[in-house]
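An overview of the molecular structure
Listed below are the residues making up each chain.
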Amino acid sequence: MSYPNHSSSTSFTLTGIPGLEDAQFWIAFPFCTMYFMAVLGNITLLLVIRLDPSLDLPMYYFLSMLAAIDLVLTTSTIPKLLSIFWFQSHEINFEGCVAQMFFIHSFSTAESGVLLTMAFDRYLAICKPLRYSAILSGPTIAKLGLAAAVRGIAIITPPTCMVTSLSYCGPRIIHHSYCEHMSVVKLACGDTRPNSIYGITAATIVVGSDSILIAVSYMLILREVIGLSSREAHLKSFGTCGSHIGVIVLFYTPGLFSFYTQRWGQNIPAHVHILMADLYLLVPPMLNPLIYGMRTKPIRERVLSLLWQ
């Protein structure tokens, strides 16, 4: 498939899904459905938590943070992706591409931090219930949320500045559906090793440290739950933790697959890699409100009461 060659010197061309150009029009329909569900679900979650005074608890504040991040992640990429698939709108200006890259990576990093705080929240609720309210006070919750956001911005600002300082030569065609860091860097002239080394190091440290701490939290929770005498308490704790672990697996698995195959997955077909990268920005934001909302009794009851009023 040929792409427009009239792009200005300050713009790139996004191909969409290489190898599946003829099917992109139809692929856009399930993608649009998932995007609509993600936006509706996360906005509903935010409104329910905001309007119901009984949900004034740390867990629901962290859920609100997660919902807000998911809205930014999907909205920064999916509308442009759909315009590529449906209207052949492949061109994106350099500033828009850099902004999209910054939002994707900084908010993904922030989401990892929020998932870590949610694991910490569950650890305190189950293992230290008497100290739960004292430790997770309002100011502490605000500081944890701010720390997740600041960390995301601080980690992604250097590679963003590095990308803007690079020179770009030759065809400015990004073989991707959105402006992912290494997809943009590969188009640059000169030495791009600092960008690659920084990206790999930052992602490995963030994901490695967060996933290890999350795993430790749930191992401590599991040990505490096994020691409970009540079968009902067992089931309730396992149900809550199971939901959280499901969200964490959904978030990290496609993200890591996409990140590392972008660098070393030459034997993996390009359309598989790009599809996984696209679904990484669609599936977790779509399922998070369902997993957390529908499995959290107060939220489920509040949503059902609003629907049946």
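Position numbers for residues count from 1 along each chain, tracking the sequence in the order it is written. Given that the model is predicted, a residue must reach a pLDDT of at least 70 before its local features are reported, and side-chain atom pairs must reach 80 or more before they are shown or counted; all residues, however, enter totals for whole chains, interfaces and linings. Derived side-chain values reflect all non-hydrogen atoms in the structure, with water molecules and hydrogen atoms excluded from consideration.

**Observations concerning the pattern of salt bridges**
By salt bridge we mean one thing: a side-chain nitrogen of Lys or Arg within 4 Å of a carboxyl oxygen of Asp or Glu. Under the counting rule described, the total for this entry stands at three salt bridges. A salt bridge links D121 to R122; the nearest nitrogen and oxygen atoms lie 2.7 Å apart. Between R193 and D191 there is a salt bridge; the shortest N-O distance is 3.1 Å. Buried means the residue's accessible area, taken with a 1.4 Å probe over protein chains only, is under 20% of the maximum for its type, while exposed means over 50%, and partly exposed covers the values in between. We classify R193 as exposed; its relative accessible area is 59%. Relative accessible area serves as the criterion here: at 44%, D191 is assigned to the partly exposed category.

**Some points on the packing of aromatic side chains**
In this scheme Phe, Tyr and Trp rings, the latter by its six-membered ring, pair at centre separations within 6.5 Å, and the angle between planes marks the pair as stacked below 30 degrees, edge-to-face above 60, and tilted otherwise. Using the criterion set out here, one finds 10 aromatic pairs in the structure. Look at F12 and F94: their rings are 5.8 Å apart centre to centre, the planes differ by 55°, and that puts the pair in the tilted class. One end of the pair, F12, is in strand β1 (residues 11-14); the other, F94, is in helix α4 (residues 94-127), and 82 residues separate them in sequence. We classify F94 as buried; its relative accessible area is 15%. Ring plane angle 75° and centroid distance 5.5 Å describe the contact between F25 and F29, whose orientation is recorded as edge-to-face. Placement of the pair is F25 and F29 together in helix α1 (residues 24-51), with a separation of four residues, close to one helical turn. Among the aromatic residues, ring-to-ring pairing joins F25, W26, F29 and W86 into one connected group. To qualify as a helix, a DSSP run of H or I must reach at least 4 residues; to qualify as a strand, a run of E must reach at least 2; elements of each kind are numbered from the N terminus.

**So, the state of the cysteines**
Linking two cysteines covalently via their sulfur atoms produces the bond known as a disulfide. By disulfide we mean two sulfur atoms from cysteines, separated by a distance within 2.5 Å. Taken as a whole and judged by the stated rule, the model has two disulfides. In this model C97 forms its disulfide with C179; the gap between the sulfur atoms is 2.0 Å. Disulfide C97-C179: the torsion about the S-S bond is -115°, which places it as left-handed. Remark: C179 occurs in the loop between β3 (173-174) and α7 (181-185) and C97 occurs in helix α4; sequence separation between them is 82 residues. Taking the relative accessible area as the measure of exposure, C97 reaches 1% and is therefore buried. Covalently, C169 is tied to C189 through a disulfide, its sulfur atoms 1.8 Å apart. In this pair, C169 is assigned in the loop between α6 (138-165) and β3 and C189 in the loop between α7 and α8 (193-226), connecting sequence segments 20 residues apart. Among the residues examined, C169 registers a relative accessible area of 43% and is labelled partly exposed. The class for C189 is partly exposed, based on a relative accessible area of 26%. The connectivity of the disulfide-linked cysteines in the chain, indexed sequentially, is 1-3, 2-4.

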